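Analysis of the macromolecular model
Now for the letters of each chain:
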Amino acid sequence: QVHLVESGGGLVQAGGSLRLSCAASGRTFSSYAMGWFRQAPGKEREFVAHIRWSGGTTAYADSVKGRFTISRDNAENTVYLQMNSLKPEDTAVYYCAAGPATTPSPGGYDYWGQGTQVTVSS
């Protein structure tokens, strides 16, 4: 069992930055692939980024590539999402998730956090 808690969301102007954190509790965090997803009102949950258990391989949605960076600290049981050059269309609830392997599909993850709101004003 893995319990995930996101933090770091908030209101920011377009062009600004935020750093989201996802703290995990439970055993064997380091064996899980981690993903970040987001969901805007009226839209489906969409893939943002994922990272392998080792941290060596990452992938990003085209919409955030070059602006967002996913990283993890297995010693601290935490995964991060650094978001730069934010745009109004990045506004959404952001969720972290843990699963057995990296995949852009939400169905591939077993554990989810409660989400943190990110709002980007124009």
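You'll find the structure just up there.
What comes next is a walk through the structure. Note that this is a predicted model, so its numbers are computed, not measured.

So, on to the state of the cysteines. One pass over the structure, following the stated rule, counts 1 disulfide. Between the sulfur atoms of Cys22 and its disulfide mate Cys96 the distance is 2.0 Å. When the S-S torsion is 50 degrees, as for the bridge of Cys22 with Cys96, the disulfide is right-handed. Here the residue Cys22 occupies a position in strand β3 (residues 18-25), and Cys96 occupies one in strand β9 (residues 92-99), the gap between them amounting to 74 residues. The class for Cys96 is buried, based on a relative accessible area of 0%.

We now examine the pairing of strand β8 (residues 78-83). Where burial is concerned, most of β8 is hidden: 5 out of the 6 residues are buried. Here β3 pairs with β8 via 6 bridges, running antiparallel. Directly across from Leu18, in β8, lies its bridge partner Met83. Summarising the sheet, strand β7 (residues 68-73) and β8 pair through 6 bridges and their orientation is antiparallel. The residue of β8 that forms the bridge with Arg72 is Val79. In textbook terms, the turn of a hairpin is the stretch between consecutive antiparallel strands, and for β7 and β8 this stretch comprises 4 residues, one of which, Asn77, has a positive phi near 55 degrees.

Our focus in this paragraph is the sheet that holds strand β1 (residues 3-7). The strand order across the open sheet built from 4 strands is β1-β3-β8-β7, with neighbouring strands paired in antiparallel fashion. For this open sheet the edge positions go to β1 and β7, each flanked by a neighbour on one side alone. Averaged over all neighbouring strand pairs, the angle between strand axes comes to 15 degrees, with direction disregarded.

In this structure, Leu4, Met34, Trp36, Leu81, Met83 and Tyr94 are the most contacted members of the largest nonpolar core, which totals 35 residues. Broken down by secondary-structure element, the contributors of at least two residues to this core are β3, β4 (33-39), β5 (46-51), β7, β8, β9 and β11 (116-121). When neighbours within four sequence positions are excluded, Leu81 is seen to be in contact with Leu18, Arg19, Leu20, Trp36, Val48, Ala49, Phe68, Thr69, Ile70 and Tyr94.

Here we come to the environment of Gln39. Relative to the helices and strands, Gln39 is located in strand β4. The class for Gln39 is partly exposed, based on a relative accessible area of 27%. Along the chain, Gln39 and Tyr94 lie 55 residues apart, while their C-alpha atoms are 6.6 Å from each other. With near-sequence residues (within four places) excluded, Gln39 lies in contact with Glu44, Arg45, Ala92, Val93 and Tyr95. A polar contact of 3.3 Å, which involves the side chain of Gln39, links it to the side chain of Arg45.

Here is what the cut-offs are and how they apply
Residues numbered from 1 in each chain as written. Predicted model: local features only at pLDDT ≥ 70, side-chain atom pairs only at ≥ 80, totals over all residues. Heavy atoms only, no water. Disulfide = S-S within 2.5 Å. Helix = DSSP H or I, 4+ residues; strand = E, 2+ residues; numbered from the N terminus. Buried < 20%, exposed > 50% of the residue type's maximum accessible area, 1.4 Å probe, protein only. Pairing = 2+ DSSP bridges. Axes fitted to C-alpha atoms, helices over the stretch in contact; angles between N-to-C directions. Core = buried A, V, L, I, M, F, W, Y, C linked by side-chain atoms within 4.5 Å. Contact = heavy atoms within 4.5 Å. Polar contact = N/O pair within 3.5 Å; in protein donor to acceptor, adjacent residues only side chain to side chain.

Functional significance is not addressed by these values, which are geometric in nature.
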